[in-house]
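Take a look at the letters that make up each chain.
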Amino acid sequence: MLTPLLLIPAVGAIALACWSGCSAQRARSLALATAGTTLLWTVWLFTQFDLTDPGFQMREFLPWIPQLGLNYDLGLDGLSLLMVALNSLLTWIALWSSPTTLDRPRLFYSLMLLVSAGVAGAFLAQNLLLFFLLYEVELVPLYLLVAIWGGEKKTYAATKFLLYTALSGALMLAGFLATVLLTDGLDFRYMTAMGQTLPLVAQTILLGCLVVAFGIKIPLVPFHTWLPDTYVAASTPVAMILGGVLAKLGTYGLFRFGLGMFPDAWALLAPYLAVWAAGGVLYGAVTAIAQKDIKRMVAYSSIGHMGYVLLGGAALTDLALTGAVTQMVSHGLILAILFHLVGLVEAKVGTRELDVLNGLMNPIRGLPMTSALLVLGGMASAGIPGLMGFVTEFLVFQGSYATYPIPTLLAVTGTGLTAVYFIILLNRTCFGRLDNAIAYFPKVSFTEQFPALILATLILFLGIQPNWLVKWGEPTASSMVALLLPRSVEVIAGDRAPTSPVALETPADLSHKALPIAVAGLKSLP
Amino acid sequence: MTLAEGVQLVSFGLLAAMMIAAALGVVLLSNIVYSAFLLGIVFVSISGMYVLLNAGFVAAAQILIYVGAVNVLILFGIMLVNKREDFAPVRRAWLGKVATGAVCLGLFALLSTMVLGTPWALSSEAAIGDGATVMIGLHFFSDFLLPFELASVLLLIALVGAIILARREFIPDEMPQDTVGDALKLPERPRELVPASRDGAES
Amino acid sequence: MDFSALAAQLNAGAILPEGIVIITLITVLVGDLIGGRASSRWTPYLAIAGLFAAIVALVYQWDTANPIAFLGGFNSDALSVVFRGIIVLSAMITVPMSIRYVEQSGTSLAEFIVILMTATLGGMVLSGADELVTIFVALETLSISSYLLTGYMKRDPRSNEAALKYLLIGAASSAIFLYGVSLLYGLSGGQTRLSAIAAQLAADSSDAPIGLVVALVFVIAGIAFKIAAVPFHQWTPDVYEGSPTPVVAFLSVGSKAAGFALAIRLLVSVFPLVSEQWHFVFTALAILSMVLGNVVALAQTSMKRLLAYSSIAQAGFVMIGLIVGTEAGYASMVFYLLVYLFMNLGGFTCVILFSLRTGTDQISEYSGLYQKDPLLTLGLSICLLSLGGIPPLAGFFGKLYIFWAGWQAGAYGLVLVGLITSVISIYYYIRVIKMMVVKEPQEMSDSVKNYPPMRWNLPGMRPLQVSLVVALVATSLAGILSNPLFTLANDSITHTPLLKAAIAEQAAAMVSHTETVETIAIAPQ
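Residues numbered from 1 in each chain as written. Chains lettered and ligands numbered in written order. Predicted model: local features only at pLDDT ≥ 70, side-chain atom pairs only at ≥ 80, totals over all residues. Heavy atoms only, no water.

A. Spatial organisation of the interface of chain C and chain A. At the junction of the two partners, chain C supplies 32 residues and chain A supplies 35 residues. The contact between chain C and chain A buries some 3000 Å² in all, and 78% of this surface belongs to carbon and sulfur atoms. Counting across the interface, chain C meets chain A through 5 residue pairs in polar contact (both at pLDDT 80 or more). For the side of chain C that touches chain A, the element with the most residues is helix α18 (residues 412-438) of chain C, which contributes 11 residues. (Contact = heavy atoms within 4.5 Å. Buried area = accessible area lost by both parts, 1.4 Å probe. Polar contact = N/O pair within 3.5 Å; in protein donor to acceptor, adjacent residues only side chain to side chain. Helix = DSSP H or I, 4+ residues; strand = E, 2+ residues; numbered from the N terminus.)

B. Region of interest: the packing of helix α11 (residues 236-261) of chain A against helix α13 (residues 294-314) of chain A. All names here are of chain A. Contact geometry of α11 with α13 gives a least axis separation of 11 Å together with a crossing angle of 20°. As the angle between them shows, α11 and α13 are arranged roughly parallel. Pair α11 / α13 crosses with right-handed handedness. For the pair α11 and α13, contact is made by T236, A247, K248, T251, L254, F255 and L259 and by K295, M306, V309, L310 and G313, respectively. Here the residues of the contact of α11 with α13 sort into 7 nonpolar, 3 polar and 2 charged. (Axes fitted to C-alpha atoms, helices over the stretch in contact; angles between N-to-C directions. Parallel < 35°, antiparallel > 145°, perpendicular 65-115°, else oblique. Left-handed = near helix turned anticlockwise from the far one by under 90°. Nonpolar A, V, L, I, M, F, W, Y, C, P; charged D, E, K, R; others polar.)

C. How the structure looks around the environment of L375(C). Residue and element names in this part refer to chain C. Within the secondary structure layout, L375 lies in helix α16 (residues 374-388). Along the sequence, L375 and L89 sit 286 residues apart, while their C-alpha atoms lie 23 Å from each other. In this view, L375 contacts W456 and L468; residues no more than four positions away in its chain are not counted.

D. Summary view of the pairing of strand β1 (residues 57-65) of chain A. Residues and elements named next belong to chain A. Bridging between β1 and strand β2 (residues 70-76) involves 6 bridges; their strand directions are antiparallel. Of the residues in β2, the one forming a bridge with P63 is N71. Two successive antiparallel strands, β1 and β2, enclose a turn made up of 4 residues, where G69 displays a positive phi of approximately 80°. (Pairing = 2+ DSSP bridges.)

E. Here's a closer look at unusual backbone geometry. Residue and element names in this part refer to chain C. Here the bond from V230 into P231 is cis, since omega is 5°, no more than 30 degrees from zero. Mapping P231 onto the fold places it in the loop between α9 (210-227) and α10 (235-242). For the bond running from P391 to P392, omega is 0°, close enough to zero to count as cis. Residue placement: P392 occurs in the loop between α16 and α17 (394-408).

F. Quick look at the packing of aromatic side chains. In this structure the tally under the stated criterion is 53 aromatic pairs over all chains. Between Y231(A) and F339(A) the ring centres are 5.7 Å apart and the planes differ by 80°, which places this aromatic pair in the edge-to-face class. Here Y231(A) is found in helix α10 (residues 226-233), whereas its partner F339(A) is found in helix α14 (residues 318-349), with 108 residues between them in sequence. Residues Y231(A) and F339(A) agree in their burial class; the two are buried. Ring centres 6.0 Å apart and planes at 75° place the aromatic pair F335(C) and Y401(C) in the edge-to-face group. With F335(C) in helix α14 (residues 327-358) and Y401(C) in helix α17, this residue pair connects regions lying 66 residues apart in the sequence. On the basis of relative accessibility, which here comes to 0%, the residue F335(C) falls in the buried class. Judged by its relative accessible area of 1%, Y401(C) is buried. What links up through ring pairs into an aromatic cluster is the set F56(A), F123(A), F131(A), Y135(A), F176(A), Y190(A), F214(A), Y252(A) and F257(A). R104(A) extends its terminal NZ or CZ atom over the ring of Y370(C), reaching a point 3.3 Å from the ring centre. (Phe/Tyr/Trp six-rings, centres within 6.5 Å; stacked < 30°, edge-to-face > 60°. Buried < 20%, exposed > 50% of the residue type's maximum accessible area, 1.4 Å probe, protein only. Lys NZ or Arg CZ within 6 Å of the ring centre and 35° of its normal.)

Structure representation (structure tokens):
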């Protein structure tokens, strides 16, 4: 049931690569059909998914290289389901939004599908080595996607991306090998690795290794320098996939492996992670304000928003973790719509400079529809109530305030700053007087607008009816926190009990109190 | 000390002195013809050592092969080439010489320490003396059969290789026209050499 | 001595594959003498058939009841079978890719093949040799043939320079190796068989005499020269650049595999007394090779030099398996060499193809190649990515296995160096791919602009294509379908009595070591 998620795009990619006489139009149709089939399959998976079971469902197992402990082992839980859905949806949308006049279309579509297959596999992998393998598979296709079809400084950006990601892969492999072989096992199954009992020091070191490895991918602040270059240099569809899906691979890995395998160490490091996350949020927001290029601004906004995800993961409450999981989805959708619209603006107006853009809202000569959607996207990203961004951020803050009030407050400030730079962006681009002398923009066709419309509908709809999103992630998040809580209390108790007995109660009790209230509040929102 | 032992000792000393002096001459003399002849003396003294060790067959082989073939070949080579070339004196050549000398001395010291400090497992069997040829033959056709046969292939291929390197090539006519000029060269063109210094660029 | 009894004792059937190679090479030589130039139409195919027959014979030798041949001079155990297989296979892929190359340079093909097969023969005997004289003669057979091959294009000064350099450095290293071997002969009181030497050394003393250490150092110098480990690598880039490319392909795979076979057999069987020392030396060699090979490769502009440094680095990775000395360690070496064979030879095939069509091997000249020659671009990209260890290609699994084995045995430092340097290596491999794939049509280099249309029907091109496709398919699929290869690699280790004993000994040493550590740790309390 899960293999088609890998198989359909992979077969499509190979078919496209081998079919030499294929026209650009036909390649596009074939790619869209492949991605569409995958999307339909994902929808069907939603109908088959058993909400009452917080564990892994639809397991698939095939021995591959038993000597290494590497097996083809897939499974699906709420977290994976949401991520896979995000991947399938954004792949289809990115393929749709790729320009029809593309150089070497077969290679482009084939690489995009390859990335999609690899990422889907990574989200489903239940074997550490399989995860690593699929994580590395998308490396070269993405490098080529950025390096061939990118904008200026594309090879520099692509190489930087490649080296950072390869380094992250190397660190991750070291972490995985150490985890499994330290326990004297030869079993790279995720479930086995979850059950290991390593001393806390070893766990902390290994977790640190994984945090850096995935932190490069997310990216967390000192490791983020590849991000603005790569996002800006990448073409619109590639940027959508990079920011919308690939970055989630980092947070997914962090939660799945960091939190899942080393709950003790996670509980120990969580306060620092929360501070780190808040720092990332503020850094992303402040740097975004200083940007003059709207694409770069959106890229930096991504750093800030991934900070919320980390904050939610660090908070050790199931509300916050649910928030983090849903924030991953909402950030993916919002970033995708923003990149799409920015790409559209660039394609039509010919520039991304804030100082040049002006008055696009003009109903006659501007790009009114695009601007309207851009306003919507900006609002969603800034967390305006009624849109998807608000719901997920609210969940994160609500859940983490109990544990880490100060980092949460800092992150809330970050949301305020997000609003500031989006107002700057929208004010400069959409409003103001359009210079009639230069405003001869080509019309935006419906086909070009279509992906943004779908995304906007989703953002709006899930903002009004968040339960449809939350319910998929909630059981998994709860089970993860349940894994975490008893141990974390132990660790924190052992660590701090003599000095501050209050800390004992905070995470466990408050979160349990907070959850029903918050969920009830959410349900009454519309 | 019996007379025989005394004779042995004296001849060992003589041979050793001769060998070392000749070997030093090979390395230090600048005239290469002298070096070649001195090399012959080195080989002869080694053969004398073998005689002292009661290994007559090896001694004979040493003279036949090394003096009779190898050394003569070297002399032929030197005399056929017979090219005089004056080398520009290298500045501070003494530095290199001193360094080489130091390294060699160090190596010599290390090896002599090793030779003296190691408990050698000496074979208790008596030297076979004149029966050596029979024994060598037996070994060649039993446990050393494989290297013996492999050496024949090696010699064959060395022969073939020497002929290939030495023969005058004819450039066949059936080759396509454009490759004739480059025949017998690597298909890759040599790359343009970048001048090593500015002087090179100007001249 | 009774002749028939002697013949039975010799067990000459063990060298049947070598016999087939010898017969083939003599047939080629004589056939070329009789047939003249026209014989070049069939000699390469005869050679390939002979090498294939040798592989078949090797398959039948797998797991023979009586592997010892020539009264202990030759050992046809599983380890030697697998290494001989690697060497023959590398020659078998090298022959088809050299046909066109040699023809185009106007030299005679038959002699080239004969010398190549002699080198193969030397490598094969070296992999199985269990006795000092055989080892040395086999080593010289391999070396002298390699010198001849290197200088085969004698009108080209680069080829001459390469041959001379290789000859001088190689002869020096052979001499040092011979000195070390002679010390072993002396230390053991006149034994030449490796097992007898080991037994004698172990019986004589429990702690290693200084002579053994000196012998070890000299022997390692000889081996490290063959596998081109830093700092014994200086010949590699120049020789690789100046030699005919098919020769380089063989040297980088076949000759290296023979060196590793020699290393395993000699070090494991003769030097257990100084095992700490040789592990230490090899650790240093491995780290230096990985770091220097990968870092210097970054700065190369010529494809052959790039592959030279990359092969140095790859040898460093393989050495990890040797150092850890566990079953998985040796098996990972064998596995890595098997996949390295295909990916490296595939890469060289592409380099040959490109240089045949454009006459250059500069990396910058590859730019924009995808438009003119998609097959070549695909082939070279896949082989280079596999060398860089990108999944799902074969090289990824090879590296994974080596790192896994290394980590399992506790060689954390080595594995980390390997991981970091393989990240570096991805950079220079991708640089070539960037040149070929990413460059815009207007950035195309002159040689690619003048790229002649592909004519596979020229004499010698078809085999080149075949060997390219074989290497390509093997590189892409050997990883995904690697289970049989894994089994083969593991079996070759478990079926080798020599290694089994060594592994058991090391495991015992490890246990006692941890026990001593534990007692020391407990003692203060």
